[in-house]
Amino acid sequence: QMMKFAWDNYKQYALGKNELRPLTRNGHIGNMFGGLRGATVIDALDTLYIMELEEEFQEAKQWVERSFDLNVNGEASLFEVNIRYIGGLLATYYLTGEEVFKSKALELGEKLLPAFNTPTGIPRGVINLGSGMSWSWGWASAGSSILAEFGTLHLEFLHLSELSGNPVFAEKASEPSLAAVGNIRRVLSRVEKPQGLYPNFLSPVTGSWVQHHVSIGGLGDSFYEYLIKSWLMSDKKDSEAKKMYDDALEAIEKHLVKKSAGGLTYIAEWRGGILDHKMGHLACFSGGMIALGAQHSTGDRRQRHMELAAEITSTCHESYTRSDTKLGPEAFRFDAGSEATATRLSERYYILRPEVVESYMYLWRLTHQPKYRHWGWEVVQALEKHCRVEAGFSGIRDVYTTTPSHDNMQQSFFLAETLKYLYLLFCEDDVLSLEDWVFNTEAHPLPINHTDLRA
């Protein structure tokens, strides 16, 4: 019902724009997607399909067939276009077998390739989809590329390669068997890791770190997730990815995992050797990731990782419980007596993010402890109470007040991720079984081992 409400309002007021602005009942285009339109359509396709909202799925498909234009000029985030558009199109193709989704994914994939033309093969973050010119984000220090961005291409590019029969995609994203010069994995395995950690900024020119900021939240997050998922998607053949994941997680456990005075386990950020005791909402995906990885460990390591996953997920649940709206802030701190709460005004907002319910879904599926469904239901009720407005769902500016001020934005990832993970949390385990599917970082399911699967 929530998905149908979010979709119907988007369709009515913003179809073809990237997101719905539910308070003003119009559409938002934004500058992340380089002139591409319909981000919410592409992000919602597989969710509509899985939820068997057939009429709505047909509306979305029709828009893709008739109106989705790839001949655009404008600067796009390589990362966002890959995870939302390529991921959404690929997943929908694998779920439905309909060629239109495959051909659009391949055509768009081609447009991203020029970003990789750098001295190291590490792509730049921004690309003009018309001219193929690429550059680094203005705010990223000294023209560097971002770990979470260039480290989050692997799953999608492997599938593009497979579907197109064109190995260039896999070479770009690092298939070991096709290792082309300067591919991402090779640069990363060669470069010196401070204490085994991967900093967030790397120069695409020199292939060395630009500064030593390490985070499992934004800027770093999905790099780690794609290591374990690359291994799972390869049907456990990509042993290089598994080893990189295991080593990285070990360094994280050793240097970043901390316990607060009140007994909450969290993952701190690391700035040149100094810990910053804050955890971002984005880092809350890590409970699910660590639990997923733990399934494939043995003995005490498996148990240790399952406990760590449960503890981090519980800390993220606390960040929700300790707010007046029962929704969690963008970032929360563990210092000066405050625990799992945002201490800065600028970190008190909630923009319909999925990471906490994502971890609930994984932990439910892997442990079947009822608390994860209870916690998920708390989120459903909080969303309905505080984020639902007359014409859609909106983020809120302060989770610590029960008369929230809305931000007038229904993010496309709310339909792609938040509602999908909540739905899967309450489904049978065989709906998009974790044995057969790996979710990209926008919750788009990609099949494991390329056997021809239907949901």
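This is a predicted model, so every value here is computed, not measured. (Residues numbered from 1 in each chain as written. Predicted model: local features only at pLDDT ≥ 70, side-chain atom pairs only at ≥ 80, totals over all residues. Heavy atoms only, no water.)

1. As for the pairing of strand E15 (residues 331–335)
Definition in use: Under the scheme applied here, a residue whose accessible area is under 20% of the maximum for its type counts as buried, over 50% as exposed, and between as partly exposed, the area being computed with a 1.4 Å probe on protein chains only. Per the convention used, a helix needs a DSSP run of H or I reaching at least four residues, while a strand needs a run of E reaching at least two, with both numbered from the N terminus. Paired strands, in this sense, are two strands between which DSSP finds at least two bridges.
The buried fraction of E15 amounts to four of the five residues, a majority that puts the element mostly inside the structure. Judged from the three bridges that link them, strand E14 (residues 278–280) and E15 form a sheet pairing that is antiparallel. Each residue of the ladder has a partner; that of Lys278, found in E15, is Arg333. Bridge analysis of E15 against strand E16 (residues 338–341) gives three bridges, and the strand direction is antiparallel. When the bridges of E16 are listed, Arg333 appears paired with Thr341. Here E15 folds back onto E16, and the loop between the two strands holds two residues, one of which, Ala336, carries a positive phi near 45 degrees.

2. Re the packing of aromatic side chains
Our working rule: What counts as a ring pair is set by centres within 6.5 Å for rings of Phe, Tyr and Trp (its six-membered ring), and what kind of pair is set by the plane angle: stacked under 30 degrees, edge-to-face over 60, tilted for all other angles.
Per the stated rule, a full pass over the model turns up 23 aromatic pairs. Plain terms: the ring middles of Phe5 and Phe393 are 5.7 Å apart, the flat faces sit at 90 degrees to each other, and that makes the pair edge-to-face. In this pair, Phe5 sits in helix H1 (residues 2–14) while Phe393 sits in strand E18 (residues 392–393), placing the two residues 388 residues apart along the sequence. Here the aromatic rings of Phe393 and Phe414 are separated by 5.0 Å at their centres, their planes lie at 45 degrees, and the arrangement is tilted. One end of the pair, Phe393, is in strand E18; the other, Phe414, is in helix H16 (residues 412–425), with 21 residues separating them in the sequence.

3. A short note on the state of the cysteines
This is how the line gets drawn: Sulfur atoms of two cysteines make up a disulfide when they are within 2.5 Å.
Applying the stated criterion across every chain yields a total of one disulfide. Note on cysteine connectivity: Cys284 is disulfide-linked to Cys316, with sulfurs 2.1 Å apart. In this structure, the disulfide formed by Cys284 and Cys316 twists by about -90 degrees around the S-S bond and is classed as left-handed. Here the residue Cys284 occupies a position in the loop between E14 and helix H12 (286–294), and Cys316 occupies one in helix H13 (residues 299–321), the gap between them amounting to 32 residues. This pair shows no difference in class: Cys284 is buried, exactly as Cys316 is. For Cys387, which is in no disulfide, the shortest distance to another cysteine sulfur is to Cys284 and amounts to 16 Å.

4. Brief notes about the packing of helix H2 (residues 39–50) against helix H4 (residues 78–96)
The cut-off we apply is this: Orientation is described by axes fitted as lines to C-alpha atoms, over the contacting stretch for helices, and by angles from 0 to 180 degrees between their N-to-C directions. Here the angle decides the label: under 35 degrees means roughly parallel, over 145 means roughly antiparallel, 65 to 115 means roughly perpendicular, and every other value means oblique. By the definition used in this description, the sense in which the near helix is turned from the far one sets the handedness, with an anticlockwise turn below a right angle giving left-handed and a clockwise turn giving right-handed. The contact criterion used is simple: two residues touch if any of their non-hydrogen atoms lie within 4.5 Å. Classification convention: Asp, Glu, Lys, Arg as charged; Ala, Val, Leu, Ile, Met, Phe, Trp, Tyr, Cys, Pro as nonpolar; all other residues, Gly among them, as polar.
In the contact formed by H2 and H4, the axes pass within 9 Å of each other and the chain directions differ by 30 degrees. The angle between H2 and H4 falls in the class roughly parallel. H2 and H4 meet at a crossing whose hand is left-handed. On H4, the residues that touch Ala39, Ile42, Asp43, Leu45, Asp46, Tyr49 and Ile50 of H2 are Arg84, Tyr85, Gly88, Leu89, Ala91, Thr92, Leu95 and Thr96. Class assignment for the residues of the contact of H2 with H4 results in nine nonpolar, three polar and three charged.

5. Side note on the UniProt feature "active site" (unreviewed entry) in the chain
Spelled out, the test is: UniProt positions are given in the numbering used here, feature names are shortened, and annotations may be inferred rather than shown by experiment. Nitrogen and oxygen atoms within 3.5 Å of one another constitute a polar contact, given that in protein one can donate a hydrogen and the other can accept it, and given that sequence-neighbouring residues count only through two side-chain atoms.
Following the UniProt record, one finds the feature "active site" (unreviewed entry) at Glu80, Asp221, Glu330 and Glu355. Among the structural elements, Asp221 can be located in helix H10 (residues 221–233). Leave out the neighbours within four places in its chain, and Asp221 touches Ala148, Ser215, Ile216, Leu282 and Phe285. Looking at Asp221, its side chain comes within polar contact range of the side chain of Ser222, at 3.5 Å. Its place among the elements puts Glu330 in the loop between H13 and E15. With residues up to four places along the chain from it excluded, the contact list for Glu330 reads Gly280, His281, Glu347, Tyr349, Ile351 and Arg353.

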